[in-house]
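# An overview of the molecular structure
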Amino acid sequence: MSKITALVEGLARPAVEEQGCSLWDVEYVKEAGSWYLRLYIDKEGGVSIDDCEAVSRAVDPLLDEADPIQDAYTFEVSSAGADRVLKRPEHFAAFLGAEVDVKFYRAIDGQKSCTGVLEDYSQEGLTLSAPGGRRQLAREDVASVRLHIKF
């Protein structure tokens, strides 16, 4: 986690929790030449636009006061989403037994991705129950893990 996202997480977490939500992730990224600071929030029963607005109004003055980012940026608050990215150990722990989509940095067995049920996670890697059997994937091979959405 970068210094900026760690600092923002520390500032934002209490304010997010005061609004009845939990802080899923903080992202500071450059897209199309502009910087974006995004808070991803979660809440039992789902996140509404009103939740995002309340969190934004609570956190924005804290960011103005602390001024952790010197460059111009756009501040956004969003739901973690149904297809949320799993990044932290607590994310993986919360979704053991859930179906996930995994993307690889390079092709493994001729594939750049796979879908399966998350059976286990550790710093070394993850284990999926996938079509064709159980798969052990090394952490360094995994680019991203998202919850799978069935249509």
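Heads up: these notes are all about the structure in this document. (Residues numbered from 1 in each chain as written. Predicted model: local features only at pLDDT ≥ 70, side-chain atom pairs only at ≥ 80, totals over all residues. Heavy atoms only, no water.)

### Some thoughts on the pairing of strand 4 (residues 99-108)
What counts is decided by this rule: Following DSSP output, two strands are said to pair if at least two bridges run between them. Strands are runs of DSSP state E lasting at least 2 residues, helices are runs of H or I lasting at least 4, and numbering of each runs from the N terminus.
Across 6 bridges, strand 4 lies against strand 5 (residues 111-121) in antiparallel orientation. The residue of strand 5 that forms the bridge with Lys 103 is Ser 113. In this antiparallel pair of consecutive strands, strand 4 and strand 5, the connection spans 2 residues, and Asp 109 shows a positive phi of 55 degrees. Of the strand pairs in this sheet, strand 4 and strand 8 (residues 142-147) are connected by 5 bridges, and their pairing is antiparallel. Looking across to strand 8, one finds that Val 102 is bridged to Val 145.

### Brief notes about the pattern of salt bridges
Which entries qualify depends on this criterion: For this document, the term salt bridge refers to a Lys or Arg side-chain nitrogen within 4 Å of an Asp or Glu carboxyl oxygen.
Evaluation of the coordinates by the stated rule reveals 15 salt bridges. One salt bridge in this structure joins Glu 119 and Arg 134, with 2.7 Å as the shortest N-O distance. Taken together, the positions of Glu 119 in strand 5 and Arg 134 in strand 7 (residues 133-138) put the pair 15 residues apart, joining distant regions of the chain.

### Remarks on the packing of aromatic side chains
The description of an aromatic ring pair uses the distance of the two centres, along with the angle that the planes make with each other. Quick note on the threshold: Here a Phe, Tyr or Trp ring, Trp counted by its six-membered ring, pairs with any other such ring whose centre lies within 6.5 Å, and the pair is stacked when the planes are under 30 degrees apart, edge-to-face when over 60, and tilted otherwise. Relative accessibility thresholds used throughout: buried, under 20% of the residue-type maximum; exposed, over 50%; partly exposed, between the two (1.4 Å probe, protein chains only). Here, a charge over a ring is recorded when the distance from Lys NZ or Arg CZ to the ring centre is within 6 Å and its angle to the ring normal is within 35 degrees.
For the structure on display, the rule yields 3 aromatic pairs. Taken together, a centroid distance of 6.1 Å and an interplanar angle of 70 degrees make the contact between Trp 24 and Phe 95 edge-to-face. Separated by 71 residues along the polypeptide, Trp 24 in strand 1 (residues 22-31) and Phe 95 in the loop between helix 3 (89-94) and strand 4 bring together distant segments of the chain. Judged by relative accessible area, which is 10%, Trp 24 ranks as buried. Judged by centre distance (3.9 Å) and plane angle (5 degrees), the rings of Phe 92 and Tyr 121 are stacked. Of this pair, Phe 92 sits in helix 3 while Tyr 121 sits in strand 5, and the two are 29 residues apart along the sequence. You'll find Phe 92 and Tyr 121 in the same group, each marked buried. Looking at Arg 84, its charged tip hangs above the ring of Trp 24, at a distance of 4.7 Å from the centre.

### A word on the sheet that holds strand 2 (residues 34-42)
To keep things clear, this is the line we draw: Note on geometry: axes are lines fitted to C-alpha atoms, helical ones only across the stretch in contact, with angles between N-to-C directions running from 0 to 180 degrees. Two residues form a contact once any of their heavy atoms are found within 4.5 Å.
The sheet built from 3 strands is open, its strands ordered 1-2-3 with mixed pairing. Of all the strands in the sheet, the pair left with one neighbour each is strand 1 and strand 3 (74-79). Neighbour to neighbour, the strand axes of the sheet diverge by 20 degrees on average, direction disregarded. Packing of helix 1 (residues 3-18) onto the sheet brings it into contact with strand 1 and strand 2, and relative to strand 1 it is tilted by some 145 degrees. Each of strand 2 and strand 3 is contacted by helix 2 (residues 49-66), which is oriented at about 145 degrees to strand 3, the strand it contacts most.

From the geometry alone we can't say anything about function, so treat these as descriptive.
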